[in-house]
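Structural description and commentary
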Amino acid sequence: QDGDGDGWSADEGDCDDADPEVHPGATELCNGLDDDCDGAEDEDTDVDGDGLPDCSDDCPVYVDLAAADPGIQDGTFTWPFEVIQDGMDQAASVGCRYVEVSPGTYVETIDFQGWDLEVVAVGGRAVTTIDGDGAGTVVTAANHEPGSALLQGFTITGGTGTLGGGINVAGTGAGPGQTSDLRIVDNRILG
């Protein structure tokens, strides 16, 4: 029987049949779990291809509202940021393209500022929200971001703005080049 509905049963090698993200062939994440059920935790994760495992590297930059320590935040797996924009700023400053966001509701607005970043909610839009709380446009990408920039896996809500409450991608060639698995709801355009 497949207890978590991921297509794998314990008899077929699912090492955690209560978690649908854990099964043979799953992507191994730097999260202290054996995601792909091969008997090793966090091995072979090197998303930036620099030869250093992600758990001990400054790339990707991690954002995790639930796990962040208010006193120490450097964007590493051990000391993640609690604010997505802080993670984006850090990634741009160290030359990293990858910002990995853990599940939660992040009350903030973010701006790509022309950077070539991949900002990805690892749990997907059902469990990861950016809520602008009426403070402006939730996601701004209006500085000619390259086609390889990516925003993926978020619910975007609570935005207000004259050029877009949820996402503002004003201007020729503006905006993240790719978007995926987004849910944009309950935003307002002013004016």
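**A short note on the overall build of the protein**
- Looking only at helices and strands, one finds 1 helix and 14 strands in the protein.
- Per-residue burial over the protein gives 43% buried out of 191 residues.
- Excluding contacts between residues fewer than 6 apart, the proportion of contacts in the protein whose partners are at least 24 apart in sequence is 55%.
- A total of about 9100 Å² of accessible surface is found on the protein, and carbon and sulfur atoms cover 48% of it.

**What to know about the pairing of strand E2 (residues 98-101)**
- Note: strand E1 (residues 61-63) against E2, 3 bridges, orientation parallel. Paired with valine 63 across the bridge in E2 is valine 101.
- Tracing the backbone out of E1, into helix H1 (residues 84-94) and back to the parallel element E2 gives a crossover that is right-handed.
- Two strands pair when backbone bridges link them, and E2 and strand E5 (residues 118-121) are joined in this way by 4 bridges, in the parallel orientation. If you follow glutamate 100 over to E5, its bridge partner there is valine 120.

**Regarding the sheet that holds strand E8 (residues 150-152)**
- Pairing is parallel across the open sheet formed by 5 strands, whose spatial order is E1-E2-E5-E8-E12. The open sheet has two edge strands, E1 and strand E12 (178-180), and neither has a second partner. Between one strand and the next, the sheet's axes are offset by a mean angle of 15°, whatever the strand orientation.

**So, unusual backbone geometry**
- At cysteine 37, a residue that is not glycine, the phi angle is positive and equals roughly 60°.
- Taking relative accessible area as the criterion, cysteine 37 reaches 18% and is therefore assigned buried.
- Of note, the phi angle at aspartate 133 is positive, near 50°, even though the residue is not glycine.
- When you line up the elements, aspartate 133 lands in the loop between strand E6 (128-131) and strand E7 (139-140).

**Some points on the sheet that holds strand E11 (residues 167-168)**
- Spatially, the 3 strands line up as an open sheet ordered E4-E7-E11, and their pairing is parallel. Strands at the two margins of the open sheet, each flanked by one partner only, are strand E4 (110-111) and E11.
- As paired elements, E7 and E11 share 2 bridges and run parallel to each other. From the neighbouring strand, threonine 140 faces E11, where its bridge partner is asparagine 168.

Scoring rules and cut-offs
- Residues numbered from 1 in each chain as written.
- Predicted model: local features only at pLDDT ≥ 70, side-chain atom pairs only at ≥ 80, totals over all residues.
- Heavy atoms only, no water.
- Helix = DSSP H or I, 4+ residues; strand = E, 2+ residues; numbered from the N terminus.
- Buried < 20%, exposed > 50% of the residue type's maximum accessible area, 1.4 Å probe, protein only.
- Contact = heavy atoms within 4.5 Å.
- Areas by Shrake-Rupley, 256 points an atom, 1.4 Å probe, with all protein chains shown as cover.
- Pairing = 2+ DSSP bridges.
- Right-handed = clockwise from strand over helix to strand, strands pointing away.
- Axes fitted to C-alpha atoms, helices over the stretch in contact; angles between N-to-C directions.

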